[in-house]
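Overview (structure and organization)
Given next are the chains, with one letter for each unit.
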Amino acid sequence: MRVLIVGCGYVGLPLGAELVKQGHAVFGLRRSGADELKAAGITPLPADITRAESLVGLPRDFDWGANCVASGGGGVGAYQQLYLQGTRNLVAWLGGAALKKFVYTSSTGVYGQNDGTLVTEASPTEPETETAKVLVETEKALLAAAREKNFPAVILRVAGIYGSERGYLLKQFLRTEARIEGQGGRVLNMIHRDDLVGSIIAALECGRAGEIYNAVDNEPVSQLQFFEWLAGTLGKDLPPPATVEEATTRRRGFTNKKVSNRRLRLELGYQFKYPDFRKGYTAEIQRLDKPVG
Ligand SMILES: NC(=O)c1ccc[n+]([C@@H]2O[C@H](COP(=O)([O-])OP(=O)(O)OC[C@H]3O[C@@H](n4cnc5c(N)ncnc54)[C@H](OP(=O)(O)O)[C@@H]3O)[C@@H](O)[C@H]2O)c1
């Protein structure tokens, strides 16, 4: 297959490298980093998806596409530019071409539920934060393109990504900056980067256009259970409780839900390398323990 990866960062780059390994011809679109792409066997396509004119003249004969761009922070304006307008530009550019599948990595942040309930792809998406609302709009634009223009969009709603060199909670814990909120009952949903790469490939191979799949591991875990396991495994103390002030500044937009991965497992047949946080974080802790060089 000829595969286009839009946004070749923490997820897109290893995704491209894996597809190259599997024998596909992979093209990587991002604004910079051409050498990094070439080193992974990916053909660089330097462009900026927020500027439609920068896509003109690029090849568009791809079988598969995956959009893994991320804004690296930024406010609602940056989200609108990159996710919503960027996606519209991609649909306009690639629509009507030979594309058979286009996977977009959205976020489980589109679920605003904060009562600890189980959410599936059919659950309401009414997030509180303005940035998450932009992701909902982006999904709607893609689903409309799938319905009305035959654009083969498949949406993956991705949970908190961790893995090599990235693991916000582990880093926070090691820096003794982690805090337990209230009774620690808030539920965390995660996925290891290797499994996200595998899930995107499963969606490219078997995902149905116009459908949504949650990309999250098998075991939503409460904050308290997660830190108890981490503290026990590392032989360190449990983080202290958050102060009232910390809890108030952190609370806005915080969600509390258990995200189901049933569709990913049963419909896409995805089998996890790291089915839960214990397996995934054990691998990351072992990596930390290894001497460098
Ligand atoms: N982090 C999480 O826990 C989490 C949770 C849910 C969903 N997600 C989603 O997972 C996906 C992958 O995230 P990631 O961590 O791999 O992101 P990342 O490491 O920040 O990589 C983002 C990539 O997008 C490219 N990019 C940014 N702006 C661009 C533009 N205007 N035009 C073209 N390329 C652009 C960047 O390259 P240049 O700067 O060279 O352009 C970079 O290669 C994203 O869709 C993100 O929203 C992440």
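Presented here is an overview of the structure given in this document. Predicted, not measured: the structure shown is a model, and the values here were computed from it.

1. A short note on the overall build of the protein
Regarding its fold elements, the protein presents 10 helices and 13 strands. For the protein, the spread of C-alpha atoms along the principal axes amounts to about 55 × 45 × 35 Å. A buried classification covers 52% of the 293 residues belonging to the protein. Across the protein, every contact between residues at least 6 apart in sequence was considered, and the portion connecting residues at least 24 apart equals 78%. For the protein, the exposed area adds up to about 13800 Å²; of that, 50% sits on carbon and sulfur atoms. When the 36 positive and 32 negative side-chain charges of the protein are each reduced to one mean point, those points stand 2 Å apart.

2. Let's talk about the site of the ligand
Surrounding the ligand, one finds 26 residues, the nearest of these being Val11, Arg31, Ser32, Asp48 and Thr105. Within the contact set of the ligand, a nitrogen atom lies 3.0 Å away from a backbone nitrogen or oxygen of Ile49. Separating an oxygen atom of the ligand from a backbone N or O atom of Val69 is a distance of 2.8 Å. Among the elements that make up the shell around the ligand, the one with the highest residue count is strand E5 (residues 101-107) (three residues). A breakdown of the residues in the shell around the ligand according to their chemical character gives 14 nonpolar, eight polar and four charged.

3. A look at the pairing of strand E7 (residues 153-158)
Across a regular strand the side chains alternate sides, sitting on one face of the sheet and then on the other. Here E7 lies mainly inside the structure; six of its six residues are buried. Covered by surrounding structure in E7 are Ala153, Ile155 and Arg157 together with Val154, Leu156 and Val158, the residues of both alternating faces. Of the strand pairs in this sheet, E5 and E7 are connected by six bridges, and their pairing is parallel. Its bridge partner lying in E7, Val103 is registered against Val154. Pairing geometry for E7 and strand E11 (residues 212-215), over four bridges, is parallel. Paired with Arg157 across the strands is Asn214, a residue of E11.

4. Here we look at helix H10 (residues 277-289)
Compared with the 18 Å implied by 1.5 Å per residue over 13 residues, the 18 Å span of H10 between its first and last C-alpha is a close match. Those residues of H10 lying buried are Phe277, Gly280, Tyr281, Ala283, Glu284 and Ile285. Each element contacted by the buried residues of H10 is listed here: strand E8 (160-162), helix H5 (168-174), strand E10 (190-192), strand E12 (221-222) and helix H7 (223-234). Between the side-chain oxygen at the start of H10 and the backbone nitrogen of Arg278 there is a gap of 2.9 Å, and the oxygen is on Asp276.

5. Remarks on the sheet that holds E5
Each strand in a sheet pairs with its neighbour through backbone hydrogen bonds, running either in the same direction (parallel) or in the opposite one (antiparallel). As summarised here, the arrangement of the seven strands in space is E3-E2-E1-E4-E5-E7-E11, forming an open sheet in which the pairing is parallel. Lying at the two open borders of the sheet, with one neighbouring strand each, are strand E3 (43-46) and E11. Taken over all neighbouring pairs, the strand axes of this sheet differ in orientation by 20° on average, direction set aside. Helix H1 (residues 12-21) contacts strand E1 (2-6), strand E2 (25-30) and strand E4 (64-67) of the sheet and is inclined by roughly 170° relative to E1.

6. Some thoughts on the environment of Arg278
By the element assignment, Arg278 lies in helix H10. Residue class for Arg278 comes out partly exposed when judged on its relative accessible area of 33%. When the C-alpha atoms of Arg278 and Ala98 are compared, they prove to be 42 Å apart, with 180 residues separating the residues in sequence. Once you skip the residues sitting within four places of it in the chain, Arg278 turns out to touch Glu219 and Trp229.

7. Brief notes about the packing of helix H3 (residues 76-94) against helix H4 (residues 130-149)
The contact between H3 and H4 brings their axes to 9 Å, and the two run at 10°. One finds that H3 runs roughly parallel with respect to H4. Along the contact surface, H3 presents Val76, Tyr79, Gln80, Tyr83, Leu84, Thr87 and Val91, while H4 presents Glu130, Thr131, Val134, Leu135, Glu137, Thr138, Ala141, Leu142 and Ala145. Along the lines of polarity and charge, the residues of the contact of H3 with H4 split into 10 nonpolar, four polar and two charged.

Definitions and cut-offs
Position labels on residues start from 1 in each chain and follow its written sequence. Local features in a predicted model are, by the rule used here, given only for residues with pLDDT of at least 70; side-chain atom pairs are given and counted only at 80 or more, and totals for whole chains, interfaces and linings are based on all residues. As a rule here, side-chain values come from all non-hydrogen atoms in the structure, and water together with hydrogens is ignored. Secondary structure elements are taken from DSSP: a helix is a run of H or I of four residues or more, a strand is a run of E of two residues or more, and numbering for both begins at the N terminus. Relative accessibility under 20% of the residue-type maximum defines a buried residue, over 50% an exposed one, and the middle range a partly exposed one, all with a 1.4 Å probe and only protein chains included. Throughout, a residue-residue contact means that at least one pair of heavy atoms, one from each residue, lies within 4.5 Å. The protein chains shown are the only cover counted for residues, whose accessible areas, like all others here, come from Shrake-Rupley with a 1.4 Å probe. Charged-residue counts in this description rest on Lys and Arg as positive and Asp and Glu as negative, His and the chain ends being excluded. Every charge is mapped to an atom, namely NZ of Lys, CZ of Arg, CG of Asp or CD of Glu. One heavy atom within 4 Å of a molecule or strand makes the whole residue count as near it. Here a polar contact means two N or O atoms within 3.5 Å. Within protein one must be a hydrogen donor candidate and the other an acceptor candidate, and residues neighboring in sequence count only if both atoms are side-chain atoms. For this classification, the nonpolar set comprises Ala, Val, Leu, Ile, Met, Phe, Trp, Tyr, Cys and Pro, the charged set comprises Asp, Glu, Lys and Arg, and every other residue, Gly included, is treated as polar. Between any two strands, pairing holds if DSSP finds at least two bridges. Expected helix span is given by 1.5 Å per residue-to-residue step, counting one fewer step than there are residues. Note on geometry: axes are lines fitted to C-alpha atoms, helical ones only across the stretch in contact, with angles between N-to-C directions running from 0 to 180 degrees. Throughout, the term roughly parallel applies to angles under 35 degrees, roughly antiparallel to angles over 145, roughly perpendicular to angles from 65 to 115, and oblique to all others.

So yeah, pure geometry; function would need other evidence.
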